[in-house]
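Spelled out, the chains give:
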Amino acid sequence: MDMIATTITEHIFNQGEIKGEIKGKIKGKIELLENLFIEKVLTRKQFEKAVAPLRQQLKELME
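Per chain, residues are indexed from 1 in the order of the written sequence. Residues qualify for local features only when their pLDDT is at least 70, as the model is predicted, and side-chain atom pairs are given and counted only at 80 or more; totals for whole chains, interfaces and linings, by contrast, use all residues. Neither water nor hydrogens contribute to the side-chain values; these are computed over all heavy atoms in the structure.

**Observations concerning helix 1 (residues 8-38)**
Now for step 1: Given a rise of 1.5 Å per residue, 31 residues ought to cover 45 Å, and the 45 Å separating the end C-alpha atoms of helix 1 matches this to within 8%.
Now for step 2: For the exposure calls, accessible area comes from a 1.4 Å probe over protein chains only, and a residue counts as buried if that area is under 20% of its type's maximum, exposed if over 50%, partly exposed in between. Helix numbers and strand numbers start at the N terminus; a helix is a DSSP run of H or I with at least 4 residues, a strand a run of E with at least 2. Buried within helix 1 are the following residues: Asn-14, Ile-26, Ile-30 and Leu-33.
Now for step 3: Looking at the buried residues of helix 1, the elements they touch are helix 2 (44-62).
Now for step 4: One or two residues past the end of helix 1 sits Lys-40, with phi positive at roughly 65°. Each helix should span, by expectation, one fewer than its residue count multiplied by 1.5 Å. Contacts are assigned to residue pairs that have any heavy atoms within 4.5 Å of one another.

**Concerning helix 2**
Now for step 1: An ideal rise of 1.5 Å per residue puts 27 Å on 19 residues; helix 2 measures up with 26 Å between its terminal C-alpha atoms.
Now for step 2: Bend, at a single residue, is the angle you get between axes fitted to the 7 residues ending at that residue and the 7 residues starting at it. Along helix 2, the sharpest change in direction is near 30° and occurs at Val-51; proline Pro-53 comes one to four residues later.
Now for step 3: Phe-47, Val-51, Leu-54, Leu-58 and Leu-61 are the residues of helix 2 that are buried.

**Re the pattern of salt bridges**
Now for step 1: The term salt bridge refers to a side-chain nitrogen of Lys or Arg lying within 4 Å of a carboxyl oxygen of Asp or Glu. All chains considered together, the criterion is met by 2 salt bridges.
Now for step 2: In this structure, Glu-48 and Arg-44 form a salt bridge, with 3.8 Å as the shortest nitrogen-oxygen distance. Of this pair, Glu-48 and Arg-44 both sit in helix 2, 4 residues apart, which is roughly one turn of that helix.
Now for step 3: On the accessibility criterion, Glu-48 (31% relative accessible area) is partly exposed.

**Quick notes on the nonpolar core**
Now for step 1: Listed in full, the 9 residues of the largest apolar core are Ile-26, Ile-30, Leu-33, Leu-42, Phe-47, Val-51, Leu-54, Leu-58 and Leu-61.
Now for step 2: Elements that contribute at least two residues to this core include exactly helix 1 and helix 2.
Now for step 3: Ranked by residues supplied to this core, first place goes to helix 2 with 5 residues. Buried residues of nine kinds, namely Ala, Val, Leu, Ile, Met, Phe, Trp, Tyr and Cys, make up a nonpolar core once their side-chain atoms join them within 4.5 Å.

**Observations concerning the environment of Leu-54**
Now for step 1: Relative to the assigned elements, Leu-54 resides in helix 2.
Now for step 2: Linking Leu-54 and Lys-25, residues 29 residues apart in sequence, is a C-alpha distance of 9.9 Å.
Now for step 3: When neighbours within four sequence positions are excluded, Leu-54 is seen to be in contact with Ile-26, Lys-29, Ile-30 and Leu-33.

If you want it as structure tokens, here you go:
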């Protein structure tokens, strides 16, 4: 469902909410990969290769 802001405050709030959802999804993916690594489903190399772009996205969102 799209969010339609009627005020600047609503727009800023909506953008923050969307950014928070994206951060949550990225953190969830990182956690899933960590669990797969802990359970030895992924090697360290596979884990690092999969997590690196997610960490970069998260870093960019935090800036």
